[in-house]
Amino acid sequence: MKITPKITELLFDLSELETADNNAYLTGDVSNLRNSLLQLYRATDSDHSRETIIAIMSEAGYPWFGKLAKASNRSVSDIPMKQVANEEQFMSDEDFLDLLPINGHFH
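Read on for an overview of the structure. (Residues numbered from 1 in each chain as written. Predicted model: local features only at pLDDT ≥ 70, side-chain atom pairs only at ≥ 80, totals over all residues. Heavy atoms only, no water.)

Counting residues in each nonpolar core, the largest one holds 15 residues, and the members touching the most others are Leu37, Ile53, Ile56 and Phe65. Those elements giving two or more residues to this core turn out to be α1 (5-17), α3 (33-43), α4 (47-59) and α5 (63-70). Beyond its immediate chain neighbours, meaning those up to four positions away, Leu37 contacts Met1, Leu11, Leu14, Leu26, Ile53, Ile56 and Met57. (Core = buried A, V, L, I, M, F, W, Y, C linked by side-chain atoms within 4.5 Å. Buried < 20%, exposed > 50% of the residue type's maximum accessible area, 1.4 Å probe, protein only. Helix = DSSP H or I, 4+ residues; strand = E, 2+ residues; numbered from the N terminus. Contact = heavy atoms within 4.5 Å.)

Right, dumping it as structure tokens:
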């Protein structure tokens, strides 16, 4: 995740909204920031914090996060996979193998 001035501003706003315990998610390596924000989204009880996390993720180039999070009033970890992707739309293994040439290989 590339840290822009806007993301920095939003992170400071988020740190002011959160409790000391939840601020622990905001400290650490920048390479883990995306995962830390996902964990904070699950841990926080503040709707304002959740909106700020969605804004950070959108600014960072993850607009899907806001759509996924808003699809449910619960935390992201509680969203059933059937809401994310309808499993019936995918073809079966047998149908997929029928598409391969008889001497086809996969790697």
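Position of Glu18 relative to the elements: it lies in the loop between α1 and α2 (20-23). No salt bridge is formed by the buried Glu18; its nearest oppositely charged neighbour, Arg50, is found at 8.0 Å. A distance of 2.6 Å separates polar atoms of two side chains, one belonging to Glu18 and the other to Thr44. At 2.4 Å, the side chain of Glu18 forms a polar contact with the side chain of Ser49. (Lys, Arg positive; Asp, Glu negative; His and termini not counted. Salt bridge = Lys/Arg side-chain N within 4 Å of Asp/Glu carboxyl O. Polar contact = N/O pair within 3.5 Å; in protein donor to acceptor, adjacent residues only side chain to side chain.)

Along the chain, the position of Thr27 falls in the loop between α2 and α3. There is a polar contact of 3.0 Å between the side chain of Thr27 and the backbone oxygen of Ala24.

Attention shifts here to the packing of aromatic side chains. For the coordinates displayed, the defined rule picks out 3 aromatic pairs. Geometrically, the ring pair formed by Tyr41 and Phe65 is edge-to-face, given 5.2 Å between the ring centres and 85° between the ring planes. In this pair, Tyr41 is assigned in helix α3 and Phe65 in helix α5, connecting sequence segments 24 residues apart. Ring geometry for Trp64 and Phe65: centres 6.1 Å apart, planes at 80°, overall edge-to-face. A relative accessible area of 43% places Trp64 in the partly exposed class. Accessibility expressed as a relative area gives 0% for Phe65, which makes it buried. (Phe/Tyr/Trp six-rings, centres within 6.5 Å; stacked < 30°, edge-to-face > 60°.)

Turning our eyes to something else, we now look at α1. Taking 1.5 Å per residue, 13 residues should reach 18 Å; α1 reaches 19 Å between its end C-alpha atoms and fits that length. For α1, every residue scored as buried is listed here: Ile7, Leu10, Leu11 and Leu14. Projected down its long axis, α1 carries its buried residues within an arc of 105°, all on one side. Of the exposed residues in α1, those oriented more than 90 degrees away from the buried face are Pro5, Phe12 and Glu16. Those residues of α1 that are buried lie in contact with α2, α3 and α4. (Expected span 1.5 Å × (residues − 1). Arc of directions from axis to C-beta.)

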